[in-house]
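# Geometric and topological summary
Listed below, chain by chain, are the residues.
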Amino acid sequence: MQKILLTVATSCLTFLLSFAQPVVKTTIDKNEILIGQQFKLKVQATFSDDDYFIKWINIPDSLQHFELVEKSKIDSIFTNQKLSGLLQTFTLTSFDSGKWIFPAFNINFNLAKGDTAINLFTDSVPVIVSFSIADTTSTLKDIKAIKEVEVFNPFWYWVAGGGLMVLLLILVYWWYRIKKKNKKPELTVSKLSPFEEAMEAMNTLKTFNLSIPKDVQQYHIKLIEIYRNYLSRKEDKDYSNKTTGDILMAIKTNYSSKEVLNKSATAMRFSNAVKFAKYIPPVSDSEGNQQLIKDAIGLIESSPSN
C-alpha cells in the first residue's frame, strides 16, 4: 500500500513540475527623469523550455508619452545547461513633462503539449518626467528692517547727468568721424554655408589640450556655441540665448528624425555637465561628444524637412 501511495505522489509531483507556471518580472532603473533623459526597462521571463513556445513582447518605436531609443538582443538564461528564461533590456525616453504610466505588454506562452495558451503581462510602471529641479539648498535670508526714505531734490542730478550725456555724445561723434576717415572698407559677410562654417569651426577645437581641465571646459563651451550658431543660421532664428530644453523642443518640432533629437540631447547635456558641474571626462568622451554634434548636423543637412 505504501509503495502505491509513494508512486502516485511521485507521479503527481512530476506532472505539476513539468507544467510549472512561467513567471514574468519587470524592473526599471529610475522612476523620475528629466525631460529627454533616458531610462532602462528590463523584462525577464522564467519558464521550462520543454513545456512552452513563447511569443515575446514587441514594444513599438513610439507610444503615448514615451519613445523607444534602443533595445538589446534577447538574452537566454540557462540552468543546468537547459534554457530556463529570457531577458531583454529596453532604453526609453520622454519629452512630455508629467506623471505617466508606462503600459503593460503581453507575453504569450503556448503549451508544447496541448493547445492551451498562457498570457502573462509585464508590469505597468509609473514614470515622472520633469524639468530641472530648482535649487532649494540656499540659506534663507532674514527680513530686513524698514528704512526711512530720505527725501531729496534730484534737480541737480538731472542737470549733471544731462551735461555728461551731451559730453559723451560729442566724444562719440568725434571718435566716429576720426575712425571713419582712417578705416578702410572690408567685407565681413561670410561666403560659407552654415554647414561649412560649422565644420570649419570644429577644426579649431583641435587647439584645446583635453588633458588640461581648463581647456576641457572651454572645449565644450565652444562646441555648443558652434552648434547654436549652426542652428541659428540654418533656421534663421536666434538660438544664442535659448536654454538646452528650448533648443531640444525646437529640434523635436522642426525635424522628424528622432536620431537628431537623441544625439543633440545627449551631447548638449554632456557638455552642460562639464560646464556647470565641473565634470572632467576622459579625452575619448569629449571627442565622442564632438562626433555626436557632427552627426546631428549631418542628419539635419540630409533631413527631408530641409
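Let me sum up the structure you'll find in this document. (Residues numbered from 1 in each chain as written. Predicted model: local features only at pLDDT ≥ 70, side-chain atom pairs only at ≥ 80, totals over all residues. Heavy atoms only, no water.)

## Comments concerning the sheet that holds strand S9 (residues 98-102)
Reading across from one edge, S2-S12-S9 is the order of the 3 strands in this open sheet, with mixed pairing throughout. A single partner strand is all that each edge strand has here, and the edge strands are strand S2 (32-34) and S9. Averaged over all pairs of adjacent strands, the angle between strand axes in this sheet comes to 30°, irrespective of strand direction. Where S9 lies against strand S12 (residues 125-130), 5 bridges are found, and the strand directions are antiparallel. Each residue of the ladder has a partner; that of Trp100, found in S12, is Val127. (Pairing = 2+ DSSP bridges. Helix = DSSP H or I, 4+ residues; strand = E, 2+ residues; numbered from the N terminus. Axes fitted to C-alpha atoms, helices over the stretch in contact; angles between N-to-C directions.)

## Here we look at the packing of aromatic side chains
According to the stated counting rule, one finds 7 aromatic pairs in the structure shown. Between Phe39 and Phe66, the aromatic rings sit 6.1 Å apart at their centres with planes inclined by 75°, giving edge-to-face as the arrangement. Here Phe39 is found in strand S3 (residues 38-46), whereas its partner Phe66 is found in strand S6 (residues 66-71), with 27 residues between them in sequence. With relative accessibility at 1%, the residue Phe39 sits in the buried group. (Phe/Tyr/Trp six-rings, centres within 6.5 Å; stacked < 30°, edge-to-face > 60°. Buried < 20%, exposed > 50% of the residue type's maximum accessible area, 1.4 Å probe, protein only.)

## Concerning the packing of helix H4 (residues 213-235) against helix H7 (residues 283-301)
Interhelical geometry of H4 versus H7 gives an angle of 5° and a closest axis separation of 11 Å. By the angle between their axes, H4 is roughly parallel relative to H7. Each of Val216, Tyr219, His220, Leu223, Tyr227, Tyr230, Leu231 and Lys234 in H4 lies in contact with H7, whose residues at this interface are Ser286, Glu287, Asn289, Gln290, Ile293, Ala296, Ile297, Ile300 and Glu301. (Parallel < 35°, antiparallel > 145°, perpendicular 65-115°, else oblique. Contact = heavy atoms within 4.5 Å.)

## Focus on the side chain of Glu67
Summarising the element assignment, Glu67 is placed in strand S6. Filtering out sequence-adjacent residues up to four positions away, Glu67 remains in contact with Asp61, Ser62, Thr91, Leu92, Thr93, Phe95, Lys252 and Lys258.

## Some words on the environment of Leu92
Position of Leu92 among the secondary structure elements: in strand S8 (residues 82-93). The exposure class of Leu92 is buried, given its relative accessible area of 0%. Not counting the four nearest positions on each side in its chain, Leu92 is found in contact with Gln37, Gln38, Phe39, Leu41, Glu67, Leu68, Val69 and Phe102.

## Some thoughts on a nonpolar patch on the surface
Together, Met165, Leu168, Leu169 and Val172 make up a nonpolar patch on the protein surface, roughly 390 Å² of accessible area in all. Along the chain, Leu168 falls in helix H2 (residues 155-182). By relative accessible area, Leu168 is classed as partly exposed at 46%. (Patch = residues over 30% accessible without salt bridge, like charges linked within 9 Å, V, L, I, M, F, W, Y side chains within 5 Å. Areas by Shrake-Rupley, 256 points an atom, 1.4 Å probe, with all protein chains shown as cover. Salt bridge = Lys/Arg side-chain N within 4 Å of Asp/Glu carboxyl O.)

## Quick word on the sheet that holds strand S10 (residues 106-111)
Here 3 strands make up an open sheet; going across it, the order is S4-S10-S11 and the pairing antiparallel. Both edges of this open sheet fall to strand S4 (52-55) and strand S11 (117-121), since each of them pairs with a single strand only. Geometrically, the sheet is characterised by an average inter-axis angle of 20° between neighbouring strands, direction not taken into account. Both S10 and S11 contribute to a ladder of 5 bridges, which runs antiparallel. In the strand pairing of S11, Asn108 is matched with Asn119.

## Remarks on the packing of helix H3 (residues 194-203) against H7
At their nearest, the axes of H3 and H7 sit 11 Å apart, and the two run at 170° to each other. Relative to H7, the element H3 lies roughly antiparallel. Only Gln290, Ile293, Lys294, Ile297 and Glu301 of H7 make contact with H3, whose side of the interface consists of Phe195, Ala198, Met199 and Met202. The residue makeup of the contact of H3 with H7, split by class, is 6 nonpolar, 1 polar and 2 charged. (Nonpolar A, V, L, I, M, F, W, Y, C, P; charged D, E, K, R; others polar.)

## Focus on the pattern of salt bridges
One pass over the structure, following the stated rule, counts 5 salt bridges. In this structure, Arg233 and Glu197 form a salt bridge, with 2.8 Å as the shortest nitrogen-oxygen distance. In this pair, Arg233 is assigned in helix H4 and Glu197 in helix H3, connecting sequence segments 36 residues apart. Of the residues examined, Glu197 reaches a relative accessible area of 24% and is grouped as partly exposed. The partner of Glu259 in a salt bridge is Lys263, with the nearest N and O atoms 3.9 Å apart.

Remember, this is a structural readout, not a statement about activity or role.
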